[in-house]
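Observations on the three-dimensional arrangement
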Amino acid sequence: MTNAPDFNLRDALDATRAWDDETIELDDQLLAEDEVDTDDLDDADDFESGYADDTSYADYDEDDPEELTIGAQELAERHALRRVASLRTELEDITEVEYRQLRLERVVLVGVWTGGTVTDAENSMAELAALAETAGSEVLEAVFQRRQSPDPATFIGRGKVEAIREIVQATGADTVICDGELAPSQLRNLEDKIKVKVVDRTALILDIFAQHAKSKEGQAQVELAQLQYMKQRLRGWGGNLSRQAGGRAAGGEGIGGRGPGETKIETDRRRINTKIAKLRRELKEMRGTREVKRQSRRRNHIPSVAIAGYTNAGKSSLLNRLTDAGVLVEDALFATLDPTTRRTTTADGRVYTMSDTVGFVRHLPHDLVEAFRSTLEEVADSDLLLHVVDGSHPDPEGQIAAVRQVLAEIDATKVPEIIVINKADAADPLVISRLLAREPHSVVVSAKTGEGVDDALRMIESELPRPQVEFDVLLPYERGDLVNRIHQEAEIGTLEHTGDGTLVVGRANADLASELTAYSR
């Protein structure tokens, strides 16, 4: 073991003189010893800190920096670890040990076009590419073919399978993503012939949901959907399909090893069923908690507004703009999954709630709809629905149709609906005009710039359920609690403070109106 060289302060300072434009001139006596007296350094006229700027300490703001919202904190956490493209994980040189990073999964997209126009097929493939990139992959190639129906054996046909295998070999892809839900036999046949991992659209969306779910309920819902999807696609290879034997009989096939036993795949399926049952019990308890909160709002006659729409249409941005909720906002598909409810008031003081929900997409997996049914019930039980549409999307009408299809599955078609055409700052005016003609009960906004938000608020307030019972009361000043409830729950026509009390005329719900009856004029 060799001794470390002696430290010399003069040499160390000489090595740093080029760091600043002005060098630090010190007396030779100060450099004679290894330890420098800091008091003498403070007296040096030519000393200037390399960390100092033109701002004096007197001008330094001692206040804490502005606190980040919860959404900004979640977005920073999500961006704290990103996969980097064009960097390999395989080591070619030992110097790469400190600098290697995760390589993006390289994928090839495959679609089958069975109906509609070529533009519809291209939009569907573009959406699949966006989903793949959100899941953390690099799209190398995308191909689709025209067929009357998907091939029952391989989804794309025998000839196209050979073409896809050649593309995979030429590009070096490690995954093939199919734009559709594959049957277990189709998945197995494709993997056997292409020799790389094959996933379908459902598995891709489930993977994105698993990445973005934050709350306990959201994670349980995603896990339930994944297990239901996986249960039908279990596979076994070689020994995994063999009979199970336990104890000393396992090696010699003696007592306990004879006869049919439980196979490995059956054991896996039984464990999945047990886990599914456990998750359903947990979700049932969480659903009860959500129902208690919903009943409390109903008991207090608080109207509820639900924000729904296609994924990445700007629902969270709109919620932030309307209520200052501070939820996570990101230009990505399914950026937020956990519902957020905020309490807000109308211009005349009435209280109502506004809830953000999970985004929808074309061909949303049925397992996800079932798993998120308790969350989506917020939409079905709301008093008003804000259907957010991305006005800058190539096919906004297709988005509206896809969302309404999911709303029909959760029995939410009877809820009054306002179409909110978002991203007006980036949309084509002709497209907005076409949407306004197609959907008369709509409003144009830009959650980014604030354009049209006031018009949206006025439309929301006009569509909220109005109290039915009229009242004309003179409340004594000691009943300020009733005056407060009138402001929060009722619709005030006139309010006047007189010598005998507060004179109020307006409309209220039945419960409040019955309490005001004693003070009727």
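Residues numbered from 1 in each chain as written. Predicted model: local features only at pLDDT ≥ 70, side-chain atom pairs only at ≥ 80, totals over all residues. Heavy atoms only, no water.

**Here we look at the environment of Leu-190**
With respect to the helices and strands, the residue Leu-190 is situated in helix H7 (residues 184-194). Owing to a relative accessible area of 1%, Leu-190 belongs among the buried residues under this scheme. Spatially, the C-alpha atom of Leu-190 lies 9.9 Å from that of Ile-164, the residues being 26 residues apart in sequence. (Helix = DSSP H or I, 4+ residues; strand = E, 2+ residues; numbered from the N terminus. Buried < 20%, exposed > 50% of the residue type's maximum accessible area, 1.4 Å probe, protein only.)

**Side note on the sheet that holds strand E4 (residues 197-200)**
Across the sheet, which stays open at both edges, the four strands sit in the order E2-E1-E3-E4 with parallel pairing between neighbours. Only two strands of the sheet have a single neighbouring strand rather than two, namely strand E2 (137-146) and E4. Direction aside, the axes of adjacent strands within the sheet are offset by 25° on average. Direction of pairing for strand E3 (residues 175-178) relative to E4: parallel, over a ladder of four bridges. (Pairing = 2+ DSSP bridges. Axes fitted to C-alpha atoms, helices over the stretch in contact; angles between N-to-C directions.)

**Let's talk about helix H12 (residues 315-323)**
Note on helix geometry: an α-helix contains 3.6 residues per turn, so any two residues three or four positions apart are oriented the same way. Where burial is concerned, most of H12 is hidden: seven out of the nine residues are buried. Residues of H12 that are buried include every one of Lys-315, Ser-316, Leu-318, Leu-319, Asn-320, Leu-322 and Thr-323, and no others. A positive phi of about 55° marks Asp-324, the residue just after H12.

**Quick notes on the nonpolar core**
With 53 residues, the main nonpolar core has Phe-209, Phe-334 and Phe-360 as its most contacted residues. Not counting the four nearest positions on each side in its chain, Phe-360 is found in contact with Ala-308, Gly-309, Tyr-310, Thr-311, Leu-376, Val-403, Val-406 and Leu-407. Formed by 20 residues, the second largest nonpolar core is a distinct cluster that contains Tyr-352, Val-388, Val-420 and Val-443. (Core = buried A, V, L, I, M, F, W, Y, C linked by side-chain atoms within 4.5 Å. Contact = heavy atoms within 4.5 Å.)

**Remarks on the sheet that holds strand E13 (residues 502-508)**
Backbone hydrogen bonds hold the strands of a sheet together, and the pairing may be parallel or antiparallel. In space, the three strands of this open sheet follow the order E11-E13-E12, with antiparallel pairing throughout. On the outer flanks of this sheet lie strand E11 (469-475) and strand E12 (491-497), each paired with one strand and no other. The sheet shows a mean angle of 10° between the axes of neighbouring strands, taken without regard to direction. Of the strand pairs in this sheet, E12 and E13 are connected by six bridges, and their pairing is antiparallel. Bridged to Thr-494 within E13 is Val-505.

**Points about the pattern of salt bridges**
The final tally for this structure, using the stated rule, is 19 salt bridges. Of the charged contacts in the structure, one is a salt bridge between Arg-404 and Glu-417, with a shortest N-O distance of 3.0 Å. With Arg-404 in helix H15 (residues 396-409) and Glu-417 in strand E9 (residues 417-422), this residue pair connects regions lying 13 residues apart in the sequence. By relative accessible area, Glu-417 is classed as partly exposed at 22%. Across the salt bridge formed by Arg-507 and Glu-470, the nearest N and O atoms sit 3.2 Å from each other. Placement of the pair is Arg-507 in strand E13 and Glu-470 in strand E11, with a sequence separation of 37 residues. (Salt bridge = Lys/Arg side-chain N within 4 Å of Asp/Glu carboxyl O.)

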